[in-house]
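Chain by chain, the residues run as shown.
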Amino acid sequence: HGGDGNWQSLCRELCGGYTQVNATVDSYLDVERFHALPNKPPSPFLASGQEVDLVSFQAGTVIATPGFDKIRALDSFVLLESHVKPGVRVSKTIDLVTDIGNIILMHHDGKVLEKDIAFIRSIEKIPGALFELEVDSDEEEEEEEG
């Protein structure tokens, strides 16, 4: 699976120390280690986790990314990958291709994970909370008309 393998640390934690990538490599290079793996993942998983795709509700040129530091401080934070930085133009997110990045979250307490996801979704919707933008002039016109 893609995602630059960002999900692997989450998968290892959920499954108790292995991923499908490690299992595949071991099946060819370390048969004994491969046969030591369980026949199926643990149920329930050993942790709670999720990949969160970031959504932009505005278009414009990024001035600052204050929300990124807030996300990195979350209890369940593992990884943030985004091309967004000051000077980059972002569009409104309309599909997976136009997301503005992704975050891997993981925690042994599912309630902590839920709280952190809700926080991310809330700052996405507050102008200036996730990132500060110089809003496109056509964007402002659309908001005034709508």
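In case you missed it, the structure is sitting above this.
Predicted model only: the values in this text are computed from it and were never measured.

1. Describing the pattern of salt bridges
Okay, so step 1: In total, this model carries 4 salt bridges according to the counting rule given.
Okay, so step 2: We note a salt bridge from Asp 26 to Arg 33, for which the minimum N-O separation is 3.5 Å.
Okay, so step 3: Accessibility expressed as a relative area gives 11% for Asp 26, which makes it buried.
Okay, so step 4: A residue is classified by how much of its surface remains accessible, and Arg 33, at 53% relative accessible area, is exposed.
Okay, so step 5: Here Glu 124 ties to Arg 121 by a salt bridge, and the two come within 2.8 Å at their closest N and O atoms. Here Arg 121 and Glu 124 lie together in helix 5 (residues 110-125), a separation of 3 residues that amounts to about one turn.
Okay, so step 6: Assessed through its relative accessible area of 7%, Glu 124 is described here as buried.

2. Structural notes on the nonpolar core
One recurring pattern in soluble globular proteins is that nonpolar side chains are buried together.
Okay, so step 1: Residues Leu 54, Ile 71, Ile 103, Ile 120, Leu 130 and Phe 131 are the most contacted members of the largest nonpolar core, which totals 20 residues.
Okay, so step 2: Where this core is concerned, the elements lending two or more residues are helix 4 (66-72), strand 5 (102-107) and helix 5.
Okay, so step 3: Broken down by element, this core gets its largest block of residues, 4 residues, from helix 5.

Conventions used here
- Residues numbered from 1 in each chain as written.
- Predicted model: local features only at pLDDT ≥ 70, side-chain atom pairs only at ≥ 80, totals over all residues.
- Heavy atoms only, no water.
- Salt bridge = Lys/Arg side-chain N within 4 Å of Asp/Glu carboxyl O.
- Buried < 20%, exposed > 50% of the residue type's maximum accessible area, 1.4 Å probe, protein only.
- Helix = DSSP H or I, 4+ residues; strand = E, 2+ residues; numbered from the N terminus.
- Core = buried A, V, L, I, M, F, W, Y, C linked by side-chain atoms within 4.5 Å.

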